[in-house]
Every structure is written in structure tokens, then in C-alpha cells.
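Single-letter residue listing:
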Amino acid sequence: MRAGWVVVVAALGAACKAGGSGGAGAGAGAGGSAGAGAGVGVGGGAGVGAGVGAGVGVRVSEGGGGGGGAGACAGGHSIDDRADDARRLYGEDVRTAVVDGTFLFVDPDRGPLFDEAVRFAPRVLAALRHDRIAARPLCAVSVYLFASTARFRGHCAERGYLPDAGPDLGVYDRRRREIVVDLSGGRSHVPSLAHELAHVLMDADFEAPRWFRECVGSLYEAPLLPAEGEIHGAPDWRYVQLRAALGARDPEAHLGALFGMSDAVFRGDTGAGPSAERALLHYGAARAACEWLDEQGALWTFYRGWQKERSQGRDEDGTASFARATGRAPAEADAAWRAWVARTK
């Protein structure tokens, strides 16, 4: 449960993202055929209830076909193309499931948590689209769920993904449109999938700077799903270093430090080389910004306002949109945000 991954293969270029895990278990409803939602509760850890919004479907295949879904996208691969890729990598009998007509879930290891992850995903997607991230057309995405850390790392190495701050639980490759998740740690790792799914939806809606993409994505690596259409985040491991930085009066442990932060600086790039410590601090601060905003009821007002402004070439750093959503500039909200971080567990 550490920080991020980056694509280092030159042909891919764009940064990928990391999961993390809170400790929430997973419980959700499984869809039937595409477009139908059923409400079968399974398991359930902290904050995860039952039920799935209608219109999110799941179709499972025991090898031999992708099962339909999202068609070909310009410059991308269809569900069927991605199923062919999965069979080429992991055999003709590899198990797959199509979720939401867009996500091809792949079970290379015949893992015990594959079914639970497939049931968990529709509820997360429905909640993220419910008055949060705009529901926009998506190109197909492959989702590889590994039951073995060795196999997870092997797949990542083959793809050219390297961790920028230690091992991790999840990767989202924006260029290849692929999610890879390590479920070897058990049910507490399933929620890390929500982090990566949030990235996919946000990428289709908002060309945001990296700090805000991680602000939103990492919020849901420890998701709370108290009711249908609701999703929030709970404090997790990322705040340990952030609280220490607050105590040490680190100049980057401030809410306002995020606004205008470049993607390179957010990743921990410094004049002396990359710093995993800086990257971890920035991830923690970003997640805390979104959790704090969500508790204030201002996160999605800020998100939608800033998305609209940036789409029109305005408010590049988000400070004006933040002020409209909260009534305060980031610097003016800093004391309240720091006090909130200090109270987290």
C-alpha cells in the first residue's frame, strides 16, 4: 500500500496511477445481462452495502469469447480485441467478464476474489456517475486482476510499469487503457479497484492536472458506499506521512501548495532527482484535499466548476473555482484543512 507507478516505456509516455488499499471489504450487486442490475449482497467490509443501480450489467465468459460490449474506438481496441489479447497472454480458457459494456475483467489466476471484484465494480461505477463524474462514452478498458503478487509484478514488468515509490496494488495505464490490480492480500485489496475505475471515468470527463486526478482517484481506494448512488472516502494510510509533515512544518504540507503544482513536481521530481518521500507527501495531501472537500459538501461543486472553466481555457490552477465552491481561497482554507488532517486517524 504505497505510492504510484509510472509508465516508463517511451512509446506510452503518459503517467499511470497507483492504487492503495483502505481496509474496506467489498459488497455489491451483480448485474445480469448488459443493462440489467440485480441487488445480491456479498460479504461486506466497512461501509459497503448491497445493491447496484440499474443499467450496469455484468456478463461472464469462461473463455472463448469476449462477450460483446463497447465497440471499436478510434485508435483503441474493442472488447473482443481485448479478449483476444487476454487469451494470447493467459490461455484460451482464461476467465473474463464484461462490466458496464466497457470493462473487460480478466482472471489470469482463477483467483478467489475475481467474482467479488466483478460484483463490486458496478456499484462503484454507478455511484461515481451519480451527481459526480459526468457519464460520457468510454472506449473499452482491460482490467487484469491477479491473485499472485509475482504474477502481478510480472505483468507490470512486461508492460513496462515501474513503481516510483515502492510496490503497489494497482496501476492504470491511460494510453493502453488497462487496469492491473494485485488482489493477493485478500478482500481488503478489492477496494483499490475503485481508485482505478475513478481514473477511467475522470479521464473521459476532465483533463485535470495530475494532483487532482489523484485527489479524486485515491479518495476511493478506501471507499464507503452507505447507500445506492453514494460513495465517500475514509482516512487511510496516506495520512501518516502527511501528519508528520504537518508537525514538521513542511512547506509543502499546505492545501494551497497543490494548486498550480506541476505533474512532475507532484510525482516527486526534484532538482536532485526523483524523491519517493516527496511523491508520498503529495499523494497524501491531494487525497486529504478531496476528503476534506467531500466532508464540506463542496468536492463535486468544485469539480464541476473547475471542469467547466478549464474546458474553456480559464482557471488553469483551480483557485478561482475552489473559492467559488467553498467561499474561501485555498490559502484561507489552509488552517481549517490542516486542523482536519491532524484529527484523522
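1. Some words on the overall build of the chain
Per the secondary structure count, the chain includes 11 helices and 13 strands. Looking at the 345 residues of the chain, the share that counts as buried comes to 54%. Look at the contacts in the chain between residues 6 or more apart in sequence, and 67% of them connect residues 24 or more apart. Total accessible area on the chain stands at roughly 12,700 Å², and carbon and sulfur atoms take up 51% of it.

2. Remarks on the packing of helix α6 (residues 239–247) against helix α8 (residues 276–295)
Relative to each other, α6 and α8 sit at 95°, their axes nearing to 8 Å. The angle between α6 and α8 places the two elements in the roughly perpendicular class. Contact residues: Tyr239, Gln241, Leu242 and Ala245 in α6; Glu277, Leu280, Leu281, Gly284, Ala285, Arg287, Ala288 and Glu291 in α8. Here the residues of the contact of α6 with α8 sort into seven nonpolar, two polar and three charged.

3. A short note on the nonpolar core
Counting 72 residues, the largest nonpolar core has Phe103, Phe105, Leu193, Phe212 and Tyr220 as its most contacted members. Every residue in contact with Phe103, bar those within four places of it in the chain, is listed here: Ile79, Ala97, Val98, Leu125, Leu138, Val141, Val143, Leu197 and Val200. Counting residues in each nonpolar core, the second largest holds 16 residues, with Ala83, Ala86, Ala140 and Tyr144 among its members.

4. Considerations on the state of the cysteines
Per the counting criterion, the structure on display carries one disulfide. Linked covalently through their sulfurs, Cys215 and Cys290 form a disulfide whose S-S length is 1.9 Å. Between Cys215 and Cys290 the disulfide shows an S-S torsion of about 115°. By sign, it is right-handed. Of this pair, Cys215 sits in helix α5 (residues 210–219) while Cys290 is found in helix α8, placing the two residues 75 residues apart along the sequence.

5. Concerning helix α9 (residues 299–311)
Between the first and last C-alpha of α9 there are 18 Å, a value that for 13 residues agrees with the 18 Å anticipated at 1.5 Å per step. Within the sequence span of α9, burial applies to Leu299, Trp300, Phe302, Tyr303, Trp306, Gln307 and Glu309. Buried residues along α9 sit against α4 (192–203), α5, α8 and α10 (319–326). Looking one or two places after α9, you find Gly313, whose phi comes out positive at around 75°.

6. Focus on the pairing of strand β6 (residues 141–146)
The buried fraction of β6 is high, at six of six residues. Burial along β6 is two-sided: Val141, Val143 and Leu145 and Ser142, Tyr144 and Phe146, pointing in opposite directions, are all buried. In this sheet, β6 lies alongside strand β5 (residues 103–107) in parallel orientation, the contact comprising four bridges. Across the sheet, Phe103 pairs through a bridge with Val141, a residue of β6. Handedness of the crossover joining β5 and β6 through helix α2 (residues 114–129) is recorded here as left-handed.

7. Section: the packing of aromatic side chains
Think of a pair of aromatic rings as described by two things: how far the centres are apart, and how the planes are tilted against each other in angle. The final tally for this structure, using the stated rule, is 19 aromatic pairs. Centroid distance Phe212 to Tyr303: 6.0 Å. Interplanar angle 40°. Geometry classified as tilted. Pair noted here: Phe212 is in helix α5 and Tyr303 is in helix α9, with a separation of 91 residues, a long-range link. For Phe212, a relative accessible area of 0% puts it in the buried group. A relative accessible area of 1% means that Tyr303 is categorised as buried. With centroids separated by 4.9 Å and ring planes inclined at 50°, the aromatic side chains of Trp300 and Tyr303 adopt a geometry described as tilted.

8. Regarding the pattern of salt bridges
Taken as a whole and assessed by the stated rule, the structure comprises 24 salt bridges. One salt bridge connects Asp236 with Arg287, and the closest N-O pair in it is separated by 3.5 Å. On the criterion of sequence distance, the pair formed by Asp236 in the loop between β11 (232–233) and α6 and Arg287 in helix α8 is long-range, its members being 51 residues apart. As far as burial versus exposure is concerned, Asp236 and Arg287 are alike and both buried. A single salt-bridge network, built from bridges that share partners, covers Glu221, Asp236, Arg238, Arg287 and Glu291.

9. Quick notes on the pairing of strand β8 (residues 170–173)
Across the two faces of β8 the burial is the same, with Gly170 and Tyr172 and Val171 and Asp173 all buried. Looking at chain direction, β8 and strand β9 (residues 178–182) are connected through four bridges and run antiparallel. Residue pairing across strands places Val171 opposite Val180, the latter belonging to β9. Between the end of β8 and the start of β9, which pair antiparallel, lie four residues, with Arg177 showing a positive phi angle near 55°.

10. A word on the packing of α9 against α10
Direction vectors running N to C along α9 and α10 enclose 145°, while the axes themselves pass 9 Å from each other. Crossing of α9 over α10 shows right-handed handedness. Between α9 and α10, the contacting residues are Thr301, Phe302, Gly305, Trp306 and Glu309 on the first element and Ser321, Phe322, Arg324 and Ala325 on the second. Looking at the contact of α9 with α10 residue by residue, the classes come out as four nonpolar, three polar and two charged.

So, how was this worked out
Residues numbered from 1 in each chain as written. Predicted model: local features only at pLDDT ≥ 70, side-chain atom pairs only at ≥ 80, totals over all residues. Heavy atoms only, no water. Helix = DSSP H or I, 4+ residues; strand = E, 2+ residues; numbered from the N terminus. Buried < 20%, exposed > 50% of the residue type's maximum accessible area, 1.4 Å probe, protein only. Contact = heavy atoms within 4.5 Å. Areas by Shrake-Rupley, 256 points an atom, 1.4 Å probe, with all protein chains shown as cover. Axes fitted to C-alpha atoms, helices over the stretch in contact; angles between N-to-C directions. Parallel < 35°, antiparallel > 145°, perpendicular 65-115°, else oblique. Nonpolar A, V, L, I, M, F, W, Y, C, P; charged D, E, K, R; others polar. Core = buried A, V, L, I, M, F, W, Y, C linked by side-chain atoms within 4.5 Å. Disulfide = S-S within 2.5 Å. Expected span 1.5 Å × (residues − 1). Pairing = 2+ DSSP bridges. Right-handed = clockwise from strand over helix to strand, strands pointing away. Phe/Tyr/Trp six-rings, centres within 6.5 Å; stacked < 30°, edge-to-face > 60°. Salt bridge = Lys/Arg side-chain N within 4 Å of Asp/Glu carboxyl O. Left-handed = near helix turned anticlockwise from the far one by under 90°.

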